[in-house]
Amino acid sequence: MARRPEGPPPPPTVQKVRIHYTKRGRLRFSSHRDFQRAFERAIRRGNIPVAFSAGFNPHPKVSYANAAPTGVASEAEYVEIGLAMRCDVKQLAAVLDESLPTGFDVLEVVEAKEGSLADRLEASAWLIEFPGSDPAAVDAAVAAFLAADEVQVQRMTKNGMRHFDARSAVVTLGPVLAGSPDWQVAERAVGAIPAGCAILKAVVRHTTPAVRPDDVIYGLREISGLTPSNPPRVTRLAQGPLDTQTAVIADPLDRDRDVITSTS
Amino acid sequence: MPGASVFPQLEALLPFVTKPIQYVGGELNSTIKDWDTCDVRWALMYPDAYEVGLPNQGSMILYEVLNEQEGILAERTYAVWPDLEKLMRKNHVPQFTVDAHRAVGDFDLLGLSFSTELGYTNMLTALDLAGIPMHAIDRGIDDPIVVAGGHAAFNPEPISRFVDAAVLGDGEEAVLMISAIVRQWKSEGRPGGREEVLLRLAETGSVYIPAFYDVDYHDDGRIRRVTANQTRAPWRVSKHTVMNLDEWPFPKKPLVPLAETVHERMSVEIFRGCTRGCRFCQAGMITRPVRERSITGIGDMVKAGLEATGYEEVGLLSLSSADHSEIAEVAKDLADRYEGTQTGLSLPSTRVDAFNVDLANELTRNGRRSGLTFAPEGGSERIRKVINKMVTEEDLIRTVTTAYANGWRQVKLYFMCGLPTETDEDVLQIAEVAKRVIEAGREASGMKDIRCTVSIGGFVPKPHTPFQWAAQLDHEATDARLHKLRDAIRADRRYGKSIGFRYHDGKPGIIEGLLSRGDRRVGAVIEQVWRQGARFDGWSEHFSYQAWADAAHEALSDVPVDLNWYTIRERGEDEVLPWDHLDSGLDKEWLWQDWQESISGAEVEDCRWTPCYDCGVCDQMGTSIQIGPTGQRLLPVTVVDPTPVLATEASS
Ligand code: B12
Ligand code: SF4
C-alpha cells in the first residue's frame, strides 16, 4: 500500500516577491545550480517563510529565471519566490542579503504584480572586457560583425555540437568608455577594470537557441580573427524589457513597483 | 611576500577549467586570519577533489580546532584536477589554499588527511606544484613540515620518503600539541634547524618521524627489523585517542560550500570507535574503544549546526550509528524537535537489524522512504562467521520484510568478494539471498515493483586488523567470481529488473592492497607512477592498473619483492610487518589469535556488552569505553520556532 503524507497540506502562497540580486567578484565562477543551493540554504538560515509544494519531498516555491552563465559576473539577476506569510519587502531584502554569501548581494525585493517575470526578460546588456587586445583590432572586428547578415558560431551542448547564427540576436554592439555609467556598473561586479582595456557592450535579445556573450566573442573571432590573449571577462549589466527603437533595456521590476519610473 | 594571495594569477586560468567554483573558496563559515599576527600556520590538505575533500569530517574538525586558537591559522587546500594542474604549471601558479589563496609552500606545516591510500599520488602533485622538495630529506628550514594523518597514516611506510611526520589516530589534541612544539621552536629562533623540531616532535612518543628509523631486510625481502637511529626517538610510536567527545563538539560551524559536493548535508558524529569486531574493518580496529557523544551533546550540535548552515538534512554519523546506547531517544527526540520544519534526519547505519528499520521509520515519519542500506558483507553464513559479522539469513529476511512492510521501496545490500577462505559458493549465495529478499518484499508490500540492489567490492586486507596476514585474492579470480555472481543473478527471469547488481573490477583493489600493506620500498613505485602521470587514483576514469603494474615492475626490479609479494601473499606469524613499530594499541598476539579463530569461524562478542577480552587497546592507551545511557532527554522547549521574525501577518 502506498504511503501518503499525514496531516494537512502545507500552507499556500499568500505573497509572491521578486528579488533582484548580483553575482559579483569570485562568485562569478558559480554555476546556476550553485546559486540555487546557496539560495535555498539562505532561505532556511534566514528563517524566511517560503511556501512549499505538497508531497513527501516538499520543495520551496522558487522560480529561477535566465541565470548568467558560469564565469560571467552580473548586476542583474532575478528570482521569484512564493511566501506562506506576508513579509515586509525591505526587511526581507535585508535578511536574505545577510544570509547569502557575499557576492550574491540582494539589491531589491518587490511584491509581484500580475504578469510573468520571465516574459519581461526580453534582452540582456553585456559588458565584455578584452584585456591585452589592441583596441583598433576590436573596433574592426565589431564593424565586420555588424556589417554581416549572419555570423555562424558553434557551441558544445549536452546534445553535441550546435551551429547557429549569433548575429541576428545582437541589437547593438559598441565600445564602452572608461568612467561611463556602464563601466561603473561593471566595476561594481568585477572590481577594477584594467586601464587601457578595450571594452564592448552588447545588447542581445533572448532567443532560442540563446546567444550568449561567449557566442558573440566567438563570432567576433570567426569574422575577423580577433583572438584575445587573455580570456575576456563579461558582466551582465541589465536584463529586462527591450525598447527596440532605442535598444534600451528597462528595469523588469518597474511594473511591480507602485511608481513606474520612466525608461527614457 | 610570504602569505600573499595568488588569486589574481589563478583567476586568469579559471575560465578554462571545469567547475571553477571549487577553487575560489568563500564557503560559508570559512575563516581567513591575518598572516602576520599568527606564528603557527597550517595548510590542511585533503588530497582528493574538492567535492570529496570539502565535506570530510576529519579535515573540517581540524580546520576549526586550529583556527579557534589565537596565533594559529589554518587554511585548506585540495587536489586540483589535471586541467588546472596543466595551466598552473604553464603559468607558474603554485599549489594554493582556497581560503586566502596563499601559496602552500609559505606555510609552516602541511597537514595531509589520508582517509584512503589512493590519495598518495595527489600528494605528490601538490608538493610539486607547491615547490616543496618531494623527498623529506631534501627539505630546508623554510619548507613546510609535511605531516600525514587519517586512517591510512596507520601505515605511512609507503609514503615515508615524502612525509616528515605521521600522526596516528585522533587529530584534535595532536594538532594542538604539534602547534605548541613548532611555536616554541620558532620563538627560540629555530635552534638546530629542521632536525631539531622533528626530534622534539618524535620525543613526544606520538609523532612518527620516518627518517629517525632504519629498516633492514632479510635476503628473501622480508623485513628483518626496524630500529630507531636517534636516541631521542622512541622504539615505538603510539596513536592518539580523544576521550570525552562532548568536550570536542566540532565542527561547530560546518563549512557550506557553493560547489556541489558528494555529501550535501550536515554531519554530527554521534560516537567514535566501534568494537563490533568485524575482522576486515580497519576503521573499527584502529579507533577503539567506543566513545559516545551524549544525547544532549548531539542535540546541541544539531541545533547549532543547522542554525549556522541552513542545511536541510543532518546525518548522524559514526561507524555503526544504531549502536549508540540512546539512539532510540536521539532519533525520537530529534524527530519531535524538527517535525514540520522540512529538516531531514538520516542515520547511515548499515547493520542488519529490524531495530534499524524502526529508527529509519522514526526519522522519516512524514518523509519519503526511498532506500535503506544494509551490509551483510558476506554472502553465506559460513563466511559471515569468518569475518565476525554475526547475521543469519533469517535476520536478514526479517529485517528487509520489516522495511518493505513499512513503505521502503528499495533495499541496498553491501557485500565483499575475496574474503579469506571464500569460495565461489559463498559468493553465489548472494544471488539466492537477493531472490529471497525480493520474494519477501513482494509479499510484505503487496507490490511487484520493489527493488533490491546488490553492491559488491573486492576485499583489501588492511594493517592493524586480524586479516593483516591474509593473502588478497588476485584480480583475475575476483573478476571471475563476480562474473559468475552476475550471471547467476541475471539467469532468473522472474526477478528481472528487481535485482540491481553493482560491482567494481578487482584491479584497483590490488593497488590499494599494495599501498595498504606496503613498506618503504613501495615509495619508489608511487614516485615512478606519478612521474608517468598517475593522478586521482580513486577515480575509475583516471586510474590505470597497467601504469601501476608497470611502475611496480620497474621500481622493484632491484629488490627481491614484487606486486604479488605485497598483495596475494599470506604472511607468517613471525614476519615483521612494516607497521609493527606503530602502535594502534591492538596486541599483535590478540590479532593473530583472532586471525586463527576466524578461519575456524569462531565469533567474538562486542566488548560493550560482554566482558573485556583484552584486545590490548584500553590497557596500552590508558583509555576506556565511554557509553551511556545518560538517562537524559532532549527538551522540546528548544523547538525551532517556525514563525519567522519577518512575517508581517500570519497566513489564514
Ligand atoms: C565511517 C565512514 C563513513 C560513514 C561516516 C562518516 C564520518 N564519520 O565522517 C558514512 C557512511 C556516513 C560515510 C559516508 C561517506 N563516505 Co565515508 N568513510 C568512512 C570511513 C570508513 C571512516 C571515516 C571516519 O571515521 N570519519 C570520522 C572522522 C572524525 O575521522 P577522520 O576523518 O579519520 O579524521 C580524524 C583523524 O583521522 C585525524 N586526522 C585526519 N586527518 C588528519 C591530518 C593530520 C595532519 C592529523 C594530524 C590528523 C588527522 O584527525 C581527525 C579528527 O580526529 C572512511 C575511510 C577511512 N578509513 O577514513 C570513509 C571515506 C572517507 N568515505 C568515503 C566516501 C566516498 C564517502 C561518501 C561520499 C559515500 C557516498 N557516496 O555517500 C560519504 C560522504 C561522507 C562525508 N561526510 O564525507 C571515501 C572517500 C574517498 C576519497 N576519495 O577520499 C572513504 C575514504 C572510503 C573509501 N575508501 O572510499 N563514510
Ligand atoms: S581493551 Fe577490552 S574494552 Fe577496550 S576495546 Fe579492547 S576488548 Fe574492548
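Small disclaimer: the values here were computed from a predicted structure and weren't measured. Positions within a chain are numbered from 1, following the residues in the order the chain's sequence is written. Chains carry letters and ligands carry numbers; both start at the beginning, A for chains and 1 for ligands, and go up in the order they are written. Note on the predicted model: pLDDT of at least 70 is required for a residue's local features to be given, and 80 or more for side-chain atom pairs to be given and counted; whole-chain, interface and lining totals, by contrast, use all residues. Side-chain figures throughout are based on the complete set of non-hydrogen atoms in the structure, without hydrogens or water.

Chemist: Account for the overall build of chain A, with residues named and values stated.
Modeler: Each helix and strand counted, chain A has six helices and 13 strands in total. Atoms counted for the radius of gyration: C-alpha only. Globule rule: 2.2 Å times residue count to the power 0.38. The C-alpha radius of gyration computed for chain A amounts to 20 Å, which stays within 12% of the reference 18 Å derived for 264 residues, consistent with globular compactness. Projected onto its principal axes, the C-alpha coordinates of chain A cover approximately 65 × 45 × 35 Å. Taken across its 264 residues, chain A has 51% of its residues classed as buried. Note on contacts: a residue pair is in contact if any heavy atoms of the two residues lie within 4.5 Å. Considering only contacts in chain A between residues 6 or more positions apart, those separated by 24 or more positions represent 78%. Surface summary for chain A: the accessible area is close to 12,200 Å², and the carbon and sulfur share equals 51%. Counting 31 positive and 31 negative side-chain charges, chain A places the centres of these two groups 7 Å from one another. Strands here mean DSSP runs of E at least two residues long; helices mean DSSP runs of H or I at least four residues long; both are numbered from the N terminus. Working definition: with a 1.4 Å probe on protein chains only, accessible area under 20% of the residue-type maximum means buried, over 50% means exposed, and in between means partly exposed. Exposure was quantified through the Shrake-Rupley algorithm and a 1.4 Å probe, taking into account, for residues, occlusion by the shown protein chains and nothing else. Charge convention: Lys and Arg are scored as positive, Asp and Glu as negative, and His as well as the terminal groups of each chain are ignored. Note on charges: their place is set at NZ of Lys, CZ of Arg, CG of Asp or CD of Glu.

Chemist: Residue-level account of the interface of chain B and chain A, with values.
Modeler: If you look at the interface, chain B gives 47 residues, while chain A gives 38 residues. As used here, buried area is the combined drop in accessible area, with a 1.4 Å probe, of two parts when they are placed together. Taken together, both faces of the contact between chain B and chain A bury some 3,600 Å²; the carbon and sulfur share is 55%. For chain B, the biggest contributors to the area lost against chain A are Leu258, Gln342 and Leu646 of chain B; these three give 20% of the whole. Any carboxyl oxygen of Asp or Glu that lies within 4 Å of a side-chain nitrogen of Lys or Arg is treated as forming a salt bridge with it. Put simply, Glu11 of chain B and Arg28 of chain A hold a salt bridge, and the shortest N to O gap is 3.0 Å. Two N or O atoms count as a polar contact when they lie within 3.5 Å, although within protein this holds only if one can serve as hydrogen donor and the other as acceptor, and sequence-adjacent residues are included solely when both atoms are side-chain atoms. Between chain B and chain A we count 10 residue pairs in polar contact (both at pLDDT 80 or more) in total. For the side of chain B that touches chain A, the elements supplying multiple residues, two or more each, are helix H1 (7-11), helix H9 (295-309), helix H14 (424-445) and strand E19 (647-649) of chain B. The residue makeup of the side of chain B that touches chain A, split by class, is 22 nonpolar, 14 polar and 11 charged. Polar here means any residue other than Ala, Val, Leu, Ile, Met, Phe, Trp, Tyr, Cys and Pro, which are nonpolar, and Asp, Glu, Lys and Arg, which are charged; Gly is therefore polar.

Chemist: An account of the site of ligand 2 is requested, with residue identities and associated values reported.
Modeler: In the vicinity of ligand 2, the residues found are Thr275, Arg288, Cys607, Cys612, Tyr613, Asp614, Cys615, Val617, Cys618 and Ile625 of chain B. When the residues that make up the shell around ligand 2 are grouped by side-chain class, the tally is seven nonpolar, one polar and two charged. Throughout, near means a residue has at least one heavy atom within 4 Å of the molecule or strand.

Chemist: Run through unusual backbone geometry, naming residues and quoting values.
Modeler: Generally, phi is negative for residues other than glycine and the peptide bonds are trans, each holding for most cases. Cis geometry marks the peptide bond from Thr208 of chain A to Pro209 of chain A; its omega dihedral reads -5 degrees. With respect to the helices, strands and loops of the structure, Pro209 of chain A is situated in the loop between strand E10 (198-205) and helix H6 (213-224). The amide bond that connects Gly628 of chain B to the next residue, Pro629 of chain B, takes the cis arrangement and shows omega of 5 degrees. With respect to the secondary-structure elements, Pro629 of chain B resides in the loop between helix H21 (617-621) and E19. Even without glycine at this site, Asn388 of chain B takes up a positive phi of about 65 degrees. Along the chain, the position of Asn388 of chain B falls in the loop between helix H12 (381-386) and helix H13 (393-405).

Chemist: Account for the pattern of salt bridges, naming residues and giving values.
Modeler: Close approach of charged atoms lets side chains of opposite charge pair. All names here are of chain B. A full pass over the atoms with the stated rule returns 77 salt bridges over all chains. Residue Lys462 pairs with Glu117 through a salt bridge whose shortest N-O separation is 3.1 Å. Residue Lys462 is found in the loop between strand E16 (451-458) and helix H15 (475-491), and its partner Glu117 is found in the loop between strand E3 (109-113) and helix H5 (120-130); the two are separated by 345 residues along the sequence. A salt bridge links Arg279 to Asp594; the nearest nitrogen and oxygen atoms lie 3.1 Å apart. Taken together, the residues Arg279 in the loop between strand E10 (271-272) and helix H8 (282-286) and Asp594 in helix H20 (residues 588-599) connect sequence positions 315 residues apart.

Chemist: Any chance you could break down the domain arrangement of chain B for me, citing the residues and the numbers?
Modeler: Residue and element names in this part refer to chain B. Residue ranges assigned to each domain were obtained from an automatic or database domain assignment. Domain assignment breaks chain B into domain 1 (7-238) and domain 2 (265-368 + 605-638). Between the C-alpha centres of domain 1 and domain 2 the distance comes to 30 Å. Every contact between the two is made by 10 residues of domain 1 and, on the other side, 13 residues of domain 2. Roughly 880 Å² of surface becomes buried between domain 1 and domain 2 when both sides are summed, with 47% attributable to carbon and sulfur atoms. When the buried area of domain 1 at its contact with domain 2 is split by residue, Gln57, His151 and Asp170 rank highest and sum to 47% of it. Where domain 1 meets domain 2, there are three salt bridges. Residues Glu172 and Arg272 are paired through a salt bridge, measuring 2.8 Å at the closest nitrogen-oxygen approach. On inspection of domain 1 and its partner domain 2, the count reaches four residue pairs in polar contact (both at pLDDT 80 or more). Split by residue class, the side of domain 1 that touches domain 2 holds three nonpolar, four polar and three charged.

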